[in-house]
Amino acid sequence: MFKDHFVEIRHLSFKREDKLIFNDVDLTINRGKITAIMGPSGTGKTTLLKLIGGQLKPDQGEITIDGNNLSNISRTQLFKLRERIGMLFQSGALFSDLTVFENVAFPMREHTQLPNDIINDLVSMKLQAVGLRGAKDLMPSELSGGMARRVALARAIALDPDMIMYDEPFTGQDPITKGVLVKLIKLLNDSLNITSILVSHDVQETCSIADFIYLIANGKVIGSGTPSELMNNPSLQIRQFMQGLPDGPVPFHYPTQQSYHEAMLHHE
Amino acid sequence: MNNFLMQLNQFRNNITESLAAIGRAALLLIQSLWFIPDSKKIISLLIKQIYQEGVLSLLIIVLSGLFIGMVIGLEGYNVLSGFGSESALGQMIALSILRELGPVVAALLFAGRAGSALTAEIGHMKTTEQLASMEMMGVDPLRRIIAPRLLAGFISLPILTMIFSVVGIWGGYLVGVRWLGVYEGSFWSNMQASVEFGEDVFNGIIKSLVFGFIVTWIAVFQGYDSKPTSLGISNATTKTVVFSSLAILAMDFILTALMFGDH
């Protein structure tokens, strides 16, 4: 394993209820870089993050995070490793019975013995970084979608993690919030040298900040490269996704039952 | 024939799924109680949960205990006065509440009030990815969320049952002595003479300990194992109330047979 590889995924296969989500996938996430994982909805991008976070176990293959092979470590070691990883969930996943302040303070209270006044200062700094210091006393139900995601980001960076995984951070956000999130992700990555995995299907926003992109469809990596390399790739499948064409190798129609069986027969 | 085979297959799948669910429930219990958080944290979490599960169930327990005691007082008086033995009313009320009605009714009410709330709360936390986000922060939800809720349930129900029994006996006293005019001295002295601590009071407490364990375990597991959708939460909540109620009644029969069966 190379020192600049933070995450390495080798020969990953994963099935869910007989449906093959990943089929022999290889991926490398470089240390300190923003690596985007893109692909159409339903291709298992979020599942991939759950596999990297150890919430799901692969059927085959192995995932290594900073030298720790997830299939060989104990539950306690896995939880210890997760303290170094932040994750921004699509929904924000804030604790609904805690205030914004307490949400951000939660990982600090759980994992450190810091006194209250230091936690106070640290939480204020994290909230300041996402521009929401003024919202510290609000409850999650009082926040807009964009604000909730920024609070969740402040919580994800609470323990100064080595890596952050962003699950569809731009989905459902207005253009201003999208701009803010793009700026924040880039800023955090550059200033704190955090390794970032950005799962998204928003081509424009992702291409503007990603150092490297993996394009996933039908359980395989169908293309990888820098944003400009992918934009200029001649492959029909890659062009369809990057340019948002309604029809192409990824069909407009969901397969019917019969054609699905035919496809399976054909596949065999 | 084909239809029969399909039904057989469905039946087999149901059995497999039920056994798998029991396995998952056992695993949840072991994993959450094995890794209880450190004592400083568990105490504050436990106090909060005892408030949620126990203190907030007090009103329904006290009111139900009062009315049930009053009804037994009334019914008991009607039957006993026919034989001229209304002085045995205290004994009848105390024994029926301490041995049976107290533990069983308190547990059924606890399943409806606190059990369903536990399932819905944990199910909602699962649906909104709060449990997943906790896991990803390196905080084990089994220790942080499940363990204190389980322990709080184990502690709360026996205490609620004792309160239920005391209020129930007092309700019977109000109706029997204060309203219907049974002699107060014989009401209490008969009760005192016939109720034994080890046989009646202690066995009732053992029952409530077992019911508290069952109800909380079912409630917590149903929430944790629920499908992360609105329908999933509603199904899980229903299952908690139905499974807990049936388990309470079945266990009550088994425990009663073990405790009082050879008399």
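Figured I'd write up the structure that's included with this text. Residue positions are given per chain, counted from 1 along the sequence in the order it is written. All chains are assigned letters beginning with A, and all ligands numbers beginning with 1, in the order in which they are written. Local features in a predicted model are, by the rule used here, given only for residues with pLDDT of at least 70; side-chain atom pairs are given and counted only at 80 or more, and totals for whole chains, interfaces and linings are based on all residues. Only hydrogens and water are removed before side-chain values are computed, so all heavy atoms of the structure are retained for them.

So, the interface of chain A and chain B
Then, number 1: Contacts were defined at the residue level, with two residues in contact if any of their heavy atoms lie within 4.5 Å. Of the residues lining the interface, 23 residues belong to chain A; the matching set on chain B comes to 18 residues.
Then, number 2: Contact between chain A and chain B buries roughly 1,900 Å² in total, counting both sides, with carbon and sulfur atoms accounting for 54%.
Then, number 3: Of all residues in chain A, Arg-75, Phe-79 and Glu-110 of chain A bury the most surface against chain B, accounting for 26% of the area lost on that side.
Then, number 4: A pair is scored as a salt bridge if a Lys or Arg side-chain nitrogen falls within 4 Å of a carboxyl oxygen belonging to Asp or Glu. Here Asp-97 of chain A and Lys-48 of chain B are joined by a salt bridge, their closest N and O atoms 3.8 Å apart.
Then, number 5: Here a polar contact is taken to be a pair of N or O atoms separated by no more than 3.5 Å, where protein atoms must pair a possible hydrogen donor with a possible acceptor and residues adjacent in sequence count only if both atoms sit in side chains. The interface formed by chain A and chain B holds nine residue pairs in polar contact (both at pLDDT 80 or more) in total.
Then, number 6: Elements supplying a minimum of two residues to the side of chain A that touches chain B: α2 (75-82), β6 (85-88) and α3 (100-111) of chain A.
Then, number 7: Here the element with the most residues in the side of chain A that touches chain B is α3 of chain A; it accounts for five residues. Once two parts are brought into contact, the accessible area they lose, counted with a 1.4 Å probe and summed over both, makes up the buried area. Numbering goes from the N terminus for both helices and strands, where a helix is a DSSP run of H or I of at least four residues and a strand is a run of E of at least two.

What to know about the layout of surface pockets
Then, number 1: Here the largest pocket is characterised by a volume of approximately 1,600 Å³.
Then, number 2: For each structure, a 1 Å grid was placed over the protein atoms alone; sets of points admitting a 1.4 Å probe that cannot get out are labelled cavities, open sets with protein on both sides within 12 Å along at least five of seven lines are labelled pockets, and lining residues have an atom within 4 Å of a point. Lining the largest pocket are 36 residues; nearest its centre among them are Gln-55 and Leu-56 of chain A together with Lys-126, Glu-135 and Tyr-224 of chain B.
Then, number 3: Amino acids are sorted into nonpolar (Ala, Val, Leu, Ile, Met, Phe, Trp, Tyr, Cys and Pro), charged (Asp, Glu, Lys and Arg) and polar (every other residue, Gly among them). The residue makeup of the lining of the largest pocket, split by class, is 15 nonpolar, nine polar and twelve charged. Grid points are joined across faces, edges and corners, and a volume is the space filled by probe spheres set on the points.

Regarding the pattern of salt bridges
Residue and element names in this part refer to chain A.
Then, number 1: Tallied over the entire structure, the rule returns 21 salt bridges over all chains.
Then, number 2: The salt bridge involving Asp-66 is made with Arg-84; its shortest N-O contact spans 2.4 Å. Linking Asp-66 in the loop between β4 (60-65) and β5 (68-69) with Arg-84 in the loop between α2 and β6, this pair joins segments that are 18 residues apart in sequence.
Then, number 3: Throughout this description, buried means an accessible area under 20% of the type-specific maximum (1.4 Å probe, protein chains only), exposed means over 50%, and partly exposed covers the range between. Take Asp-66: its relative accessible area is 25%, and that puts it in the partly exposed class.
Then, number 4: Taking the shortest distance from any N to any O, the salt bridge between Glu-102 and Arg-109 comes out at 2.9 Å.
Then, number 5: Judged by its relative accessible area of 29%, Arg-109 falls in the partly exposed class.
Then, number 6: Each of the salt bridges in this network shares a partner with another, and the network as a whole consists of Arg-31, Asp-66, Arg-84 and Asp-162.

Thoughts on unusual backbone geometry
Residues and elements named next belong to chain A.
Then, number 1: Its identity as a non-glycine residue notwithstanding, Asp-66 has a phi of 45 degrees, on the positive side.
Then, number 2: Phi is positive for Asn-193, close to 55 degrees, though the residue is something other than glycine.
Then, number 3: If you trace the backbone, Asn-193 turns up in the loop between α6 (175-192) and β8 (195-200).
Then, number 4: By relative accessible area, which is 55% here, Asn-193 ends up exposed.

Brief notes about helix α9 (residues 236-243) of chain A
Residue and element names in this part refer to chain A.
Then, number 1: Listing the buried residues of α9 in full gives Ile-238, Gln-240, Phe-241 and Met-242.
Then, number 2: For α9, the elements touching its buried residues are β3 (34-38), α7 (203-209), β9 (212-217), β10 (220-225) and α8 (227-231).
Then, number 3: Just past α9, the residue Gly-244 takes up positive phi, approximately 65 degrees.

Some points on the packing of aromatic side chains
Then, number 1: Ring pairs are drawn from Phe, Tyr and Trp, using the six-membered ring of Trp, whenever the two centres fall within 6.5 Å, and their geometry is named by plane angle: stacked under 30 degrees, edge-to-face over 60, tilted for the rest. As enumerated under the stated definition, the model contains seven aromatic pairs over all chains in all.
Then, number 2: For the ring pair Phe-213 of chain B and Trp-217 of chain B, a centre distance of 5.6 Å and an interplane angle of 50 degrees mean the geometry is tilted. Highlighted residues: Phe-213 of chain B and Trp-217 of chain B, both in helix α8 (residues 197-224), separated by four residues, approximately one helical turn.
Then, number 3: On the basis of relative accessibility, which here comes to 31%, the residue Phe-213 of chain B falls in the partly exposed class.
Then, number 4: Here the aromatic cluster, defined as three or more aromatic residues joined through ring pairs, consists of Phe-154, Phe-213 and Trp-217 of chain B.
Then, number 5: Note on criteria: charge over ring means Lys NZ or Arg CZ within 6 Å of the ring centre, with the direction from the centre no more than 35 degrees off the ring normal. A cation over a ring is seen here: Arg-82 of chain A above Phe-79 of chain A, with NZ or CZ 4.8 Å from the ring centre.
Then, number 6: Positioned above the aromatic ring of Phe-95 of chain A, the side-chain terminus of Arg-155 of chain A is 4.7 Å from the ring centre.

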